[in-house]
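Secondary and tertiary structure notes
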Amino acid sequence: MTVEISEHAATDTTAHQELQRITTQVLDEAVRQGATATEVGCSLETGYNVNVRMGEVEVLEYNRDKGVAITVYFDHCTGSASTSDTSAAAVSAAVTAACNIARYTSTDPYAGLADKERLAFGYDALDLDLCHPWQLTPAAAIEQAQACEQYGFAFDPRIKNSDGCSLSTHSAYRVYANSHGFVGAYPTTRHSISCVLVAEDGSGMQRDYAYSSARTADDLFSLQYIGEEAAARAVKRLQAKRVPTCKVPVIFAADVARGLLGSFFSAISGGAIYRRASFLLDSVGEVIFPAHINFTENPHLPRGSGSAPFDGDGVKTVQRDWVKDGVVQSYVLSSYSARKLGLQTTGNAGGVRNIKVNTSDKDLNQLIKDMGEGLLIAELMGQGVNMVTGDYSRGASGFWVSQGQVQYPVEEITIAGNLKQMFANIVTIGNDVDTRGNIHTGSILLDGMTIAGE
Amino acid sequence: MPDQLSIAEEMILAPAELTDTKLATVLGQLLRPSVDYADLYFQSSYFESWSLEESIVKAGNFTIDRGVGVRVISGEKTGFAYSDDIILPALTQAANAAVGIVKQGDNGSLPAWQVRVSHDRYPILNPLQSISEQDKIEILNHVDQYARQLDPRIIQVNASLVAAYDVIYVVASDGVLAADVRPLVRMNVSVIAEHHKKLESGSFGGGGRSDLSLFLQDQHYLSYADEAVRTALLNLDAVEAPAGTMRVILGPGWPGVLLHEAVGHGLEGDFNRRGSSVFSGRIGERVAAAGCTVVDNGTLPDRRGSLGIDDEGTPTQNTVLIEDGILKSYMQDKQNARLMGVQPTGNGRRESYADLVMPRMTNTYMLAGDYKPEEIIAAVDKGIYAVNFAGGQVDITSGKFVFSASEAYLVENGKLGKPVKGATLIGNGADALTKISMLGDDLALDQGVGTCGKDGQSVPVGVGQPTMLIDELTVGGTGT
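Keep in mind the model is a prediction, meaning the values are calculated, not measured.

**Observations regarding the overall build of chain A**
- A count of helices and strands for chain A gives nine helices and 17 strands.
- Radius of gyration (C-alpha) of chain A: 24 Å, near the 22 Å computed for a compact globule of 454 residues.
- Across its three principal directions, the C-alpha atoms of chain A cover 70 × 60 × 40 Å.
- Taking all 454 residues of chain A together, the buried fraction comes to 54%.

**Examining the interface of chain A and chain B**
- If you look at the interface, chain A gives 60 residues, while chain B gives 63 residues.
- Elements with a minimum of two residues in the side of chain A that touches chain B: strand 2 (56-74), strand 3 (77-83), helix 2 (88-102), strand 4 (159-178), strand 6 (204-214), strand 13 (391-402), strand 14 (405-418) and strand 17 (444-452) of chain A.
- The leading source of residues in the side of chain A that touches chain B is strand 2 of chain A, at nine residues.
- Classifying every residue of the side of chain A that touches chain B by side-chain character gives 21 nonpolar, 23 polar and 16 charged.
- Sheet topology places strand 2 of chain A next to strand 3 (residues 77-83) of chain B; three bridges connect them, and they run parallel. Residue pairing in the sheet places A:E61 in a bridge with B:F80 of strand 3 of chain B.

**A look at the sheet that holds strand 10 (residues 318-323) of chain B**
Residue and element names in this part refer to chain B.
- In spatial order, the strands read 11-10-9-14-23-20; together these six strands make up an open sheet with mixed pairing. The sheet is open, and its two edges are formed by strand 11 (326-327) and strand 20 (444-445), each paired on a single side.
- Strand direction decides the pairing type here: strand 14 (residues 363-366) and strand 23 (residues 462-465), joined by three bridges, are parallel. Counted as the bridge partner of N363 is G462 from strand 23.

**A word on helix 2 of chain A**
- Between the first and last C-alpha of helix 2 of chain A there are 21 Å, a value that for 15 residues agrees with the 21 Å anticipated at 1.5 Å per step.
- For helix 2 of chain A, the set of buried residues is A:V91, A:A94, A:V95, A:A97, A:A98, A:C99, A:I101 and A:A102.
- Looking at the buried side of helix 2 of chain A, the elements it contacts are helix 1 (13-32), strand 2 and strand 3 of chain A together with strand 2 (56-74) of chain B.

**Observations concerning the packing of helix 3 (residues 138-155) of chain A against helix 4 (residues 223-236) of chain A**
Residue and element names in this part refer to chain A.
- With their axes 7 Å apart at the nearest point, helix 3 and helix 4 run at an angle of 45 degrees to one another. Accordingly, the angle class assigned to the pair helix 3 and helix 4 is oblique. Seen along the crossing, helix 3 lies across helix 4 with a hand that is right-handed. Residues Q144, A147, C148, E149, Q150, Y151, G152 and F155 of helix 3 touch helix 4, and the partners they reach there are L223, Q224, I226, G227, E228, A230, A231 and A232.
- Taken together, the residues of the contact of helix 3 with helix 4 break down into nine nonpolar, five polar and two charged.

**Let's talk about the confidence of the model for chain A**
- For chain A, the average pLDDT comes to 96, and 99% of its residues sit at 70 or higher.
- Across residues 1-5 of chain A, where pLDDT falls below 50, the model places ten contacts with residues more than four positions away in sequence or in other chains.

**Structural notes on the packing of helix 2 (residues 20-30) of chain B against helix 3 (residues 88-99) of chain B**
Residues and elements named next belong to chain B.
- For the pair helix 2 and helix 3, interaxial distance at closest approach is 10 Å and the crossing angle is 20 degrees. Here helix 3 runs roughly parallel to helix 2, going by the angle between their axes. Viewed along their axes, helix 2 and helix 3 form a crossing whose handedness is right-handed. Between helix 2 and helix 3, the contacting residues are K22, V26, Q29 and L30 on the first element and L88, L91, T92, A95 and V99 on the second.
- A per-class count over the contact of helix 2 with helix 3 returns six nonpolar, two polar and one charged.

**What to know about the sheet that holds strand 9 (residues 320-324) of chain A**
Residues and elements named next belong to chain A.
- Read across the open sheet, the five strands follow the order 10-9-8-11-16; overall the sheet is mixed. Two strands close off the open sheet at either side, each with one partner strand: strand 10 (327-328) and strand 16 (439-440).
- In the sheet, strand 8 (residues 295-297) pairs with strand 11 (residues 355-357) via three bridges, with the strands oriented antiparallel. Along strand 11, the bridge assignment pairs F295 with V357.

**Focus on the nonpolar core**
- Counting residues in hydrophobic clusters, the biggest one holds 236 residues, and the most contacted among them are A:I251 and A:I377.
- Within the second largest apolar cluster, 44 residues are counted, among which are A:I22, A:A97, A:Y176 and A:A177.

**Topic: the environment of B:I87**
- Relative to the helices and strands, B:I87 resides in the loop between strand 3 and helix 3.
- For the pair B:I87 and B:K415, spaced 328 residues apart in sequence, the C-alpha to C-alpha distance is 65 Å.

**Quick look at the pairing of strand 6 (residues 176-195) of chain B**
Residues and elements named next belong to chain B.
- Of all the 20 residues making up strand 6, 15 are buried; the element is thus mostly covered by neighbouring parts of the structure.
- Two strands pair when backbone bridges link them, and strand 4 (residues 114-115) and strand 6 are joined in this way by two bridges, in the parallel orientation. In the sheet register, V115 faces strand 6, and the bridge partner there is L177.
- The loop that links strand 5 (residues 154-172) with its antiparallel partner strand 6 comprises three residues; one of these, G175, has a positive phi angle of about 95 degrees.

**Considerations on helix 4 (residues 133-150) of chain B**
Residues and elements named next belong to chain B.
- In a regular helix each residue adds 1.5 Å, so 18 residues correspond to 26 Å; helix 4 covers 26 Å between its end C-alpha atoms and thus fits that length.
- Of all the positions in helix 4, only K136, I139, L140, V143, D144 and A147 are classed as buried. All buried residues of helix 4 project into a common sector of 125 degrees when viewed along the axis, lining one side. Residues of helix 4 that are exposed and point over 90 degrees away from its buried face: Q134, Q145 and Q149.

**Considerations on the pairing of strand 16 (residues 400-412) of chain B**
Residues and elements named next belong to chain B.
- Where burial is concerned, most of strand 16 is hidden: eleven out of the 13 residues are buried.
- Looking at chain direction, strand 15 (residues 382-394) and strand 16 are connected through eleven bridges and run antiparallel. Note that in strand 16 the partner of I384 across the bridge is L410.
- The pairing of strand 16 with strand 18 (residues 423-428) spans six bridges and is classified as antiparallel. Each bridged residue has a counterpart across the sheet, and for F403 the counterpart in strand 18 is L425.
- Across four bridges, strand 16 lies against strand 17 (residues 415-420) in antiparallel orientation. Of the residues in strand 17, the one forming a bridge with V411 is L416.
- If you look at the hairpin formed by strand 16 and strand 17, you'll find two residues sitting between the two strands, and N413 has a positive phi there, around 50 degrees.

Cut-offs applied
Residues numbered from 1 in each chain as written. Chains lettered and ligands numbered in written order. Predicted model: local features only at pLDDT ≥ 70, side-chain atom pairs only at ≥ 80, totals over all residues. Helix = DSSP H or I, 4+ residues; strand = E, 2+ residues; numbered from the N terminus. Rg over C-alpha atoms; globule rule 2.2 N^0.38 Å. Buried ≥ 20, exposed ≤ 12 C-beta atoms within 10 Å, placed from the backbone. Contact = placed C-beta atoms within 7 Å. Nonpolar A, V, L, I, M, F, W, Y, C, P; charged D, E, K, R; others polar. Pairing = 2+ DSSP bridges. Expected span 1.5 Å × (residues − 1). Axes fitted to C-alpha atoms, helices over the stretch in contact; angles between N-to-C directions. Parallel < 35°, antiparallel > 145°, perpendicular 65-115°, else oblique. Left-handed = near helix turned anticlockwise from the far one by under 90°. pLDDT = per-residue confidence, 0-100. Core = buried A, V, L, I, M, F, W, Y, C linked by C-beta atoms within 7 Å. Arc of directions from axis to C-beta.

Structure follows, in structure tokens:
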């Protein structure tokens with residue numbers, strides 16, 4: 001392997017200056033073309049990804065992505081444009097394109113920049129600890145991926161094939177600026193390892209995966225854990241059966257429980273509310289979850305996967321309760337959706353960040369015992385969630401539980417219900433918290449879902 | 001009129017003073033002894049979208065994306081790098097990075113260019129400029145007013161108009177030199193209906209490789225509003241979908257997403273080369289009922305999933321995947337075809353210059369049978385009839401697939417009954433098509449809105465089928 005790693009975007013100060021220069025150019029150019037307000041996002045992301053399969057390198061891919069996204073306002077008419085070509089001429093042309101679009105869009109009294117007093121001036125006093133470039137050569141990355149896959153093969157003789165083990169390391173530098181004089185920029189890194197293995201026996205093949213993702217290489221799970229976990233998950237699915245159609249309690253394992261709660265945050269997003277495209281209209285102040293449920297956001301969690309000092313509008317992010325004792329505290333608001341609803345922004349343009357779900361002191365095994373008979377859901381398939389009605393119907397696989405114990409793997413079934421009812425039916429949240437995504441939750445036991453099967 | 005090649009040279013190569021001779025030099029430096037294949041993929045794409053919400057056109061966006069990807073393949077290995085600057089030094093740097101995957105050695109020599117001639121699968125045009133900005137705004141405003149006057153229960157209308165102009169130029173170490181000019185347009189209308197505090201939504205759209213006048217012919221765009229409104233109002237009256245395994249009739253056209261999920265992905269060459277698909281090693285075996293023939297056809301005129309050439313410069317074709325129920329062929333890009341000892345099928349596609357090529361579908365559909373659709377409905381005592389879907393997903397290793405109905409009806413004693421709420425259907429790709437017992441004579445393709453995701457890359461695709469009866473499929477409702 002003869003190739004040098006190119007400079008990390010996170011630490012390449014020349015590139016940082018160039019991005020800052022582009023934002024200044026955009027703001028100046030937009031004023032020159034008559035815009036009354038402007039915002040611009042500018043980013044550079046670099047890194048690479050290696051994929052190893054059956055012990056051999058399959059892909060070595062270098063990434064270097066840059067882009068500029070511009071929004072201009074002519075009073076309350078909006079236009080936007082973006083370009084991957086960051087030459088002065090291309091950036092100038094993009095500003096012109098955005099201004100041209102604003103000549104045709106309608107006046108929207110709610111459109112515009114965030115209010116100046118809400119912007120995150122002084123944000124750099126926060127140290128969120130998000131930037132840890134990994135000085136790893138592609139050759140060393142390949143060795144790590146090979147080792148991880150090998151742990152999987154060694155774990156069980158039924159692991160007969162692999163869809164590959166990947167390691168990627170990326171760093172980024174993003175600048176956001178607007179014509180209120182706010183300029184925010186910070187570097188971030190993200191590293192991940194994932195392993196996808198195929199188990200096979202007389203009953204057929206099953207595939208499953210494991211992964212780890214973190215801001216710093218030190219926080220990644222061990223190669224052995226990832227390889228063995230992928231293998232264990234694939235093997236456990238072998239000889240899966242169907243079950244008869246029935247109505248039973250279910251447990252959403254922690255990694256799929258994240259998606260269940262993600263639907264809640266989508267339903268209370270300001271955009272869904274003002275469009276009346278949500279099953280949780282008028283839900284602020286209402287009891288939506290049982291009284292023991294609390295969700296808190298901490299956008300400043302050190303090294304957090306969702307951490308950020310300011311949101312997509314440049315507004316200061318803040319710690320906040322979303323659900324307290326089962327009661328919804330607020331909608332998730334950007335400056336625009338807040339104005340539409342006559343409310344103040346919550347600093348959530350771009351969504352929520354690092355949601356902490358309070359848990360019981362019970363582990364997954366205790367949840368299984370408590371459930372007695374029902375389905376432990378390990379994977380969900382398809383997009384069968386209707387955000388307007390809350391109707392929920394998705395393909396599932398997992399494990400049948402009876403007498404408080406896992407009995408056998410289950411596949412080719414669906415689970416169905418209505419999200420509003422499902423939220424109300426939550427019995428217990430386990431302490432097996434998965435922090436890999438933006439919502440940190442344990443497994444969730446809930447009552448009364450319809451399973452369609454044989 | 002200029003052809004695809006001259007347009008691509010003018011747009012992509014000329015500004016950077018690149019010539020096919022200079023590109024041959026770059027490619028030649030990649031041809032080390034262990035390299036089987038290398039290519040340079042240049043792309044210049046323009047994208048525009050307009051969206052209406054709350055009766056005003058609130059937003060418009062214009063995007064330019066340009067760059068070049070360099071790929072070097074040695075056996076099962078791929079080295080890949082790209083640059084979003086189309087200039088010789090950046091190209092050379094990307095080439096040096098990509099070739100790092102193989103050992104040093106003497107450079108090979110490049111065969112003479114085989115220039116792929118132009119095609120007429122879709123028109124050579126820039127759809128962004130096909131109608132005026134005023135007309136784009138007018139279409140959106142009109143569809144909004146029209147939808148709202150259809151029924152007072154319609155409280156929200158969202159509409160979008162999207163046009164993309166994609167020009168590609170590819171040169172490869174096998175001598176292929178090819179270019180394509182790919183227009184793509186799409187329009188969507190979605191509505192929310194409210195009645196007695198109950199909300200429901202409906203959406204519909206269409207598009208293809210054409211210009212925006214596609215929507216204007218006979219005010220075709222208003223039919224999207226008709227359909228979106230009809231679906232939303234219908235769903236206001238929908239009852240719970242049944243739960244369990246039953247007979248399912250699928251309507252013609254878009255329900256062909258069944259084929260895309262149940263067999264399409266499982267027949268892509270990469271999974272079969274690795275042996276991780278439920279269809280691996282099954283060529284020549286029965287995978288569908290007699291009478292079922294499934295093709296992947298990239299050559300249909302003006303379709304969203306069509307291509308003149310794929311992203312490796314291979315002409316697209318009409319590939320028979322399943323013939324009279326027997327598995328005949330996989331879909332291949334060059335690398336997987338070479339490793340499996342077969343010919344590429346024109347299915348090598350990538351989302352952009354910054355993504356790797358994979359075998360992907362184009363327009364995947366099942367050919368018609370003999371039954372009248374009403375005969376098929378009349379044959380079912382108890383089941384559901386699903387005519388529209390929201391999308392699907394498949395696990396190609398276990399073969400389990402899902403797709404979610406957005407418009408469906410109960411069927412009892414050979415007659416259509418009440419509409420049912422949206423529900424996910426789940427089946428097993430290895431045997432779902434063997435349970436097809438009746439096929440209609442009404443083959444239709446979808447309206448041109450499909451997007452397929454694989455390994456994080458999205459590409460436009462088409463699906464289609466005639467009305468079909470599947471004797472056993474699991475319906476994921478809540479009713480009993």
